[in-house]
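# Descriptive analysis of the structure
One letter stands for each residue in the lines below.
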Amino acid sequence: MGSEFEMSMMGELNLFLGLQVKQSIKGTFISQQKYINELLKKFDMEASKVIDTPIATATRLDMDESGSHVNQTMYRGIIRSLLYLTASRLDVVFNVGLCARF
């Protein structure tokens, strides 16, 4: 590959497109913990409650006509960030898709 492309060694890979990469004798491990923590800070959700399953598959979402209006720009930013997260987290794909419908 080095003969076809200009390459330089900048050290061990630690962070790539929001993915944390840890290389050890046991294998290569990929995590998005740093990206998730940045999202929580960005959208002021650091004090949110932690749960194992974000939403039940039988849950139906509908419009809350009597509720207050939501900042559409912020909501779209959250959905956009979560869609990027789903590239490596298949356990949240269903939930993000359900929320993206609104």
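Structure shown above.
Let us look at the structure shown here. Nothing here was measured: the structure is a model prediction, and the numbers come from that model.

## Side note on the nonpolar core
Ranked by size, the top nonpolar core spans five residues in total: Tyr 35, Leu 39, Phe 43, Ile 78 and Leu 85. Counting residues per element, the ones that place at least two in this core are helix 1 (33–42) and helix 2 (72–85).

## As for helix 3 (residues 93–100)
Those residues of helix 3 not exposed but buried are Asn 95, Val 96 and Leu 98. Down the axis of helix 3, the buried side of the element spans an arc of 160 degrees, and every buried residue falls inside it.

## Examining the pattern of salt bridges
In this structure the tally under the stated criterion is one salt bridge. Note that Glu 38 and Lys 34 form a salt bridge whose closest N and O atoms lie 2.9 Å from each other. With a gap of four residues between them, Glu 38 and Lys 34 both fall in helix 1, about one helical turn apart. Under the relative-accessibility criterion, Glu 38 is labelled partly exposed at 42%. Given a relative accessible area of 38%, Lys 34 falls into the partly exposed group.

## Focus on unusual backbone geometry
The phi dihedral of Asp 44 is positive, around 55 degrees, even though this residue is not glycine. For Asp 44, the location among the structural elements is in the loop between helix 1 and helix 2. Residue class for Asp 44 comes out exposed when judged on its relative accessible area of 66%.

## Quick word on the pairing of strand 2 (residues 19–24)
Inspection of the sheet shows strand 1 (residues 15–16) paired to strand 2 by two bridges, in the antiparallel sense. In the strand pairing of strand 2, Phe 16 is matched with Leu 19. Count of turn residues in the strand 1/strand 2 antiparallel hairpin: two residues, of which Leu 17 carries a positive phi of about 50 degrees. Counted between consecutive antiparallel strands, the loop separating strand 2 from strand 3 (residues 27–31) contains two residues.

## Examining the sheet that holds strand 1
Taken together, the three strands give an open sheet; going across it, the order is 1-2-3, and neighbouring strands pair in antiparallel fashion. In the strand order of this sheet, the two ends are held by strand 1 and strand 3, each with one partner. Of the pairings in the sheet, the one linking strand 2 to strand 3 comprises five bridges and is antiparallel in character. When the sheet's bridge partners are listed, Val 21 is paired in strand 3 with Ile 30.

## Thoughts on the environment of Phe 94
Inspection of the secondary structure assignment puts Phe 94 in helix 3. For the pair formed by Phe 94 and Ala 56, sequence separation is 38 residues and the distance between their alpha carbons is 9.7 Å.

## Focus: the side chain of Ser 81
Following the sequence through the fold, Ser 81 ends up in helix 2. At 2.9 Å, the side chain of Ser 81 forms a polar contact with the backbone oxygen of Gly 77. In this structure Ser 81 touches Tyr 35, Leu 39 and Phe 43, once residues within four positions along its chain are discounted.

Procedures and definitions
- Residues numbered from 1 in each chain as written.
- Predicted model: local features only at pLDDT ≥ 70, side-chain atom pairs only at ≥ 80, totals over all residues.
- Heavy atoms only, no water.
- Core = buried A, V, L, I, M, F, W, Y, C linked by side-chain atoms within 4.5 Å.
- Buried < 20%, exposed > 50% of the residue type's maximum accessible area, 1.4 Å probe, protein only.
- Helix = DSSP H or I, 4+ residues; strand = E, 2+ residues; numbered from the N terminus.
- Arc of directions from axis to C-beta.
- Salt bridge = Lys/Arg side-chain N within 4 Å of Asp/Glu carboxyl O.
- Pairing = 2+ DSSP bridges.
- Polar contact = N/O pair within 3.5 Å; in protein donor to acceptor, adjacent residues only side chain to side chain.
- Contact = heavy atoms within 4.5 Å.

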